[in-house]
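Read off the chains here:
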Amino acid sequence: MFREIRRSKNKITDENIKNLLKNARIGTFAVNGDCGYPYAIPMNFLYDEGNNSIYMHSAKVGHKVDSLGNSDKVCFTVIGEEKIKEEDWAPFVESVVAFGKCKKVDDEKRALEILKEFAMKYYPSEHLVDEHILKSGKACNIYVIDIEDIKGKEVKEK
């Protein structure tokens, strides 16, 4: 159902895919938007290796939420940092593309647990996380992408 990477020599290992998803801070989330146009936006995210899923938070209304109501099929892309390899001056970059179905986490207690874990990736202290969740945690939804297909590759940008 999902395509293979055309140039298989560019594939990265599963370990590199997981490391990129664990360490990247921003990914691009794409949904089937209005009038058949794709809608892709940068998002903070949390990768859950154990459940092979990606978590994001969102406002309770908006283009993304409406689009997910129409189709749960999504794509999530992460691009790593450029690396210069000794044998060549050109930069190399790794990327990961994940396809899956996205849904709102309905269990409020579980959603708050995920939100805290998510926020710990971005905030400097647990105290600030707790303060922020208390202040505005109820104003957002948590969404989970259950990954159905994932691939990673490295390309030379030359």
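- The protein carries the name Pyridoxamine 5'-phosphate oxidase family protein in an unreviewed UniProt entry, which gives Anaerococcus nagyae as its organism.

### Observations regarding the pairing of strand β7 (residues 91–104)
Next up, step 1: Two strands pair when backbone bridges link them, and strand β5 (residues 73–79) and β7 are joined in this way by seven bridges, in the antiparallel orientation. Of the residues in β7, the one forming a bridge with Val78 is Val96.
Next up, step 2: One ladder, built from 13 bridges, connects β7 with strand β8 (residues 140–156); its direction is antiparallel. Bridging across to β8, Val93 finds its partner in Val155.

### Looking at a positive patch on the surface
Next up, step 1: Taken together, the side chains of Arg6, Arg7, Lys9 and Lys153 present a region of like positive charge at the surface.
Next up, step 2: Along the polypeptide, Arg7 turns up in the segment before α1 (14–23).

### Thoughts on the nonpolar core
Next up, step 1: Counting residues in each nonpolar core, the largest one holds 38 residues, and the members touching the most others are Phe29, Phe45, Ile54, Met56 and Phe76.
Next up, step 2: It is β8 that contributes the most residues to this core, six residues altogether.
Next up, step 3: Leave out the neighbours within four places in its chain, and Phe76 touches Gly27, Thr28, Phe29, Met43, Phe45, Ile54, Met56, Val96, Val97, Ala98 and Ile145.

### A word on the packing of helix α3 (residues 108–120) against helix α4 (residues 126–136)
Next up, step 1: Contact geometry of α3 with α4 gives a least axis separation of 10 Å together with a crossing angle of 135°. By the angle class used here, α3 and α4 are oblique. With respect to the hand of their crossing, α3 and α4 are arranged in right-handed fashion. Residues Leu112, Leu115, Lys116, Ala119 and Met120 of α3 lie in contact with α4, whose contacting residues are Glu126, Val129, Asp130 and Ile133.

### Quick notes on the pattern of salt bridges
Next up, step 1: For the structure shown, the criterion picks out nine salt bridges.
Next up, step 2: One salt bridge in this structure joins Lys116 and Asp130, with 3.0 Å as the shortest N-O distance. Here Asp130 lies in helix α4 and Lys116 lies in helix α3, a separation of 14 residues in the sequence.
Next up, step 3: When the shortest N-O distance is used, the salt bridge between Asp149 and Lys151 registers 2.7 Å. Comparing Asp149 with Lys151 shows no difference in burial state: the two are buried.
Next up, step 4: Among the charged side chains, a salt-bridge network with shared partners connects Lys18, Lys22 and Glu49.

### Considering the state of the cysteines
Next up, step 1: Inspection of every chain in the model, using the stated rule, returns zero disulfides.
Next up, step 2: Summary of cysteine pairing: Cys102 is not part of a disulfide, and the nearest cysteine sulfur, belonging to Cys75, is at 12 Å.
Next up, step 3: The cysteine Cys140 is free of any disulfide, with Cys102 supplying the nearest cysteine sulfur at 13 Å.

### Some words on the pairing of strand β4 (residues 53–59)
Next up, step 1: The element β4 is largely enclosed, with a buried count of five among its seven residues.
Next up, step 2: Relative to β4, strand β3 (residues 46–48) runs antiparallel, the two sharing three bridges. Counted as the bridge partner of Tyr47 is Ile54 from β4.
Next up, step 3: Remark: four residues form the turn of the hairpin made by β3 and β4, two consecutive strands paired antiparallel; Asn52 in that turn has positive phi of roughly 50°.
Next up, step 4: Across seven bridges, the pairing between β4 and β8 is antiparallel. Looking at β8, one finds that His57 is bridged to Ile142.

The rules behind these values
Per chain, the residues get numbers from 1 upward, laid out in the order the sequence is written. Restriction of local features to residues with pLDDT of at least 70 applies here, the model being predicted, together with a cutoff of 80 or more for giving and counting side-chain atom pairs; totals for whole chains, interfaces and linings are based on all residues. Only hydrogens and water are set aside; all other atoms, that is, all heavy atoms of the structure, feed into the side-chain values. Strands qualify as paired when DSSP identifies two bridges or more between them. By definition, any uninterrupted DSSP run of H or I lasting at least four residues is a helix, any uninterrupted run of E lasting at least two residues is a strand, and each is numbered from the N terminus. Candidates for patches are residues over 30% relative accessible area with no salt bridge; among them, like charges are joined within 9 Å and nonpolar side chains (Val, Leu, Ile, Met, Phe, Trp, Tyr) within 5 Å. Using the Shrake-Rupley algorithm and a 1.4 Å probe, accessible areas are obtained, with residue cover drawn only from the displayed protein chains. Any carboxyl oxygen of Asp or Glu within 4 Å of a side-chain nitrogen of Lys or Arg constitutes a salt bridge here. Charge convention: Lys and Arg are scored as positive, Asp and Glu as negative, and His as well as the terminal groups of each chain are ignored. Lys charges are placed at NZ, Arg charges at CZ, Asp charges at CG and Glu charges at CD. What makes a nonpolar core is a set of buried Ala, Val, Leu, Ile, Met, Phe, Trp, Tyr and Cys residues whose side-chain atoms join them at distances within 4.5 Å. For every residue, the accessible area (1.4 Å probe, protein chains only) is compared with the maximum for its type, and the residue is labelled buried under 20%, exposed over 50%, or partly exposed between those bounds. Contacts between residues were defined by any pair of non-hydrogen atoms, one from each residue, lying within 4.5 Å. Each axis is a line fitted through C-alpha atoms, taken for helices only over the stretch in contact, and angles between the N-to-C directions span 0 to 180 degrees. Orientation is classified from the angle alone, with under 35 degrees giving roughly parallel, over 145 giving roughly antiparallel, 65 to 115 giving roughly perpendicular, and any other angle giving oblique. Here is the rule for handedness: rotate from the far helix to the near one, and if that takes an anticlockwise turn smaller than a right angle the crossing is left-handed, while a clockwise turn gives right-handed. Sulfur atoms of two cysteines make up a disulfide when they are within 2.5 Å.

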